[in-house]
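Reading the structure
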Amino acid sequence: MTQKMQVGFYGHVRQYHALKNELDQAIAEVLESGQYVMGPALARFEKELAEYFGMKHAVGLNSGTDAIWLPLLALGIGPGDEIITVTNTFFATAEAIWIVGAKAVFVDSEPKTNNIDVSKIEAAISPRTKAIIPVHLYGQCAEMDRIAALAKQHKLIVIEDCAQAIDGHGANFKVGEHSDAVATSFIIQKNLGTFGDSGAVITNREDIATGVKRLRNHGSPARSKHTFGFNSRLDDLHAAILSVKLKHLTKWTDRRREIAAMYSAGLKDTSLKLPYELPGYRHVMHLYVLETTKGKRDDLLSFLNKEGIDAKCHYPIAIHQQEGYPWGKEAAIVGGVPNSEWNAANCISLPMFPELTQDEIDYTIEKTLEWCKDNG
Ligand SMILES: Cc1ncc(COP(=O)(O)O)c(C=O)c1O
């Protein structure tokens, strides 16, 4: 029997140590420059990010949440409008809809990928529907080509919630190719994460880029001039850190995929439902999420935690299951969400970050197999 190990869920400090020289230098350069807000480091990172996505504009913001609702606001979506999304996502997806005062209309996810079930969208479209927000859950793109076809037919805006899937792509499409804007997050735990919070909108639409730029800076198109807005700027220190890390992203994604392949090979003969990658897609394995099939998720979770493995759940309480839902906000579920509820009840995330060691990966597989042997 292998000796007990501690396997963490995140590798932030390991990543800092691996890039210490580059990061320390980038931080020092910003400090010495005297320009910390809307300065050259932000402009450089926005240019690099737009190029990375192969799109025209990237606008840095305070958070990934702002990156969802600021484009909605820039497009005039608000009270009286409906937006379709899923209930098995991080809370911020729905929160963004409510922040602009619109109604969240939830449809189910589909069981293979746990992404939005595209066949359920049409029934949820009403004359008030203005937008769809597909979430690229766990790191795999939703079926954007099918969603875009529906959106075109019904003249709907599409904002991709790409907080978890930067560097991913579909079978024959890139992120951003089939939508009006892409929202992403750089909170530390994301695949491209800074040491704190921030996010960005990436878009080919001039009106969205200009609108969001104005809204993030007190509605200001030029010094001393203001319209209505907020303060949601990505500051230069974080931008400089992100510029350093962006150069390593593809390599990190490849390593995540390698680790996922090891987990899946090790656990393939168990009753656990393993992550499924659609043919031709690049799943960036932001999270490696298993599902238990015999209703014993909490048991597996506490077993792994007791064995020193910091497994977690994403997300054990779907949005409509949160206490007090919908808090006086407008919300509806169309057609039931049985798969999203099943996902919430059975999901379990194994440690997943590029700096995991082979011993940690092997130990995690070994302990999961040990539980499976005793639990069918
Ligand atoms: C799917 C999803 N959407 C939105 C967000 C919000 O991003 P942030 O925390 O940067 O506001 C996150 C992550 O936190 C997320 O995972």
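Scroll up to find the structure this text is about.
Below, the structure is looked at part by part. (Residues numbered from 1 in each chain as written. Predicted model: local features only at pLDDT ≥ 70, side-chain atom pairs only at ≥ 80, totals over all residues. Heavy atoms only, no water.)

Focus: a nonpolar patch on the surface
Going by this rule: For patch detection, residues must exceed 30% relative accessible area and be free of salt bridges, and they are connected within 9 Å for like charges or within 5 Å for nonpolar side chains (Val, Leu, Ile, Met, Phe, Trp, Tyr). Each accessible area value is a Shrake-Rupley result obtained with a 1.4 Å probe; residue values ignore everything except the protein chains displayed when judging cover. By definition here, a salt bridge exists when the distance from a side-chain nitrogen of Lys or Arg to a carboxyl oxygen of Asp or Glu is within 4 Å. Secondary structure is summarised from DSSP: a helix means a run of H or I of at least four residues, a strand means a run of E of at least two, and numbering begins at the N terminus for each. Residue burial is assigned from relative accessible area. The probe radius is 1.4 Å, only protein chains are included, and a residue is buried under 20% of its type maximum, exposed over 50%, and partly exposed in between.
Nonpolar side chains collect at one region of the surface, where Leu31, Tyr36, Val37, Met38 and Leu237 lie side by side and expose about 420 Å² of accessible area between them. Along the chain, the position of Met38 falls in the loop between helix 2 (20–33) and helix 3 (40–53). Owing to a relative accessible area of 37%, Met38 belongs among the partly exposed residues under this scheme.

Concerning the packing of helix 9 (residues 249–267) against helix 12 (residues 358–375)
Let me state the cut-off plainly: Note on definitions: angles span 0 to 180 degrees between N-to-C directions of axes, and those axes are lines fitted to C-alpha atoms, for helices only across the stretch in contact. Working definition: roughly parallel below 35 degrees, roughly antiparallel above 145 degrees, roughly perpendicular at 65 to 115 degrees, and oblique for all remaining angles. The handedness criterion is simple: a crossing whose near helix is rotated anticlockwise from the far helix by less than a right angle is left-handed, and one whose near helix is rotated clockwise is right-handed. Residue contacts are defined here by distance: any two heavy atoms, one from each residue, within 4.5 Å place the two residues in contact.
It is the contact of helix 9 with helix 12, at a shortest axis distance of 10 Å, that shows an interaxial angle of 30°. In terms of orientation, helix 9 lies roughly parallel with respect to helix 12. The interaxial crossing formed by helix 9 with helix 12 has right-handed handedness. Along its contact with helix 9, which presents Arg255, Ile259, Met262, Tyr263, Gly266 and Leu267, the element helix 12 presents Gln358, Ile361, Thr364, Ile365, Thr368 and Leu369.

A look at helix 12
Convention followed: Helix span, expected: 1.5 Å multiplied by one less than the number of residues in the helix.
A rise of 1.5 Å per residue sets the reference length of helix 12, with its 18 residues, at 26 Å; its end C-alpha atoms lie 26 Å apart and thus fit the reference within 8%. Its buried side turned inward, helix 12 meets helix 1 (12–18), helix 9, strand 8 (288–291), helix 10 (297–306) and strand 10 (347–350).

Remarks on the sheet that holds strand 7 (residues 199–203)
Within a sheet, each strand pairs with its neighbour through backbone hydrogen bonds, oriented either parallel or antiparallel. The line we're drawing: By definition, two strands form a pair when at least two bridges between them are found by DSSP.
Read across the sheet, eight strands follow the order 1-7-6-5-4-2-3-9 without closing on themselves; strand pairing throughout is mixed. Edge strands, defined here as strands with exactly one partner in the open sheet, are strand 1 (57–61) and strand 9 (331–333). Adjacent strand axes in the sheet meet at a mean angle of 25° when their direction is disregarded. Relative to strand 6 (residues 181–185), strand 5 (residues 157–161) is paired through three bridges, and the arrangement is parallel. Its bridge partner being in strand 6, Glu160 is matched across the sheet by Val182. Together, strand 1, strand 2 (82–86), strand 4 (129–132), strand 5, strand 6 and strand 7 form the strand contacts of helix 4 (residues 64–74), whose direction differs from that of strand 6 by roughly 155°. Helix 5 (residues 92–99) contacts strand 2, strand 3 (103–107), strand 5 and strand 9 of the sheet and is inclined by roughly 150° relative to strand 3.

What to know about the nonpolar core
This is how the line gets drawn: We call a set of buried residues a nonpolar core when its members are Ala, Val, Leu, Ile, Met, Phe, Trp, Tyr or Cys and they connect through side-chain atoms within 4.5 Å of each other.
With 86 residues, the main nonpolar core has Phe45, Leu49, Ile116, Ile121, Ile147, Phe186 and Tyr263 as its most contacted residues. Once residues within four sequence positions are removed from consideration, Ile116 is found in contact with Ile84, Thr85, Val86, Val107, Asp108, Ser109, Glu110, Ile121, Pro134, Ala142 and Ile147. Core analysis: the second largest hydrophobic core is formed by 29 residues, Trp69, Ala131, Ala181 and Ile208 among them.

Overview of the environment of Asp108
Heads up, the condition is: We call two N or O atoms a polar contact when they sit within 3.5 Å, provided that within protein one can donate a hydrogen and the other can accept it, with sequence-adjacent residues counted only if both atoms are side-chain atoms.
Looking at the element boundaries, Asp108 is found in the loop between strand 3 and strand 4. Here Asp108 falls in the buried class, since its relative accessible area comes to 3%. Spatially, the C-alpha atom of Asp108 lies 7.0 Å from that of Pro338, the residues being 230 residues apart in sequence. Contact partners of Asp108, with chain neighbours within four places excluded, come to Val86, Ile116, Asp117, Gly336, Val337, Pro338, Asn339 and Ser340. Side-chain polar atoms of Asp108 contact the backbone nitrogen of Ser340, separated by 2.9 Å.

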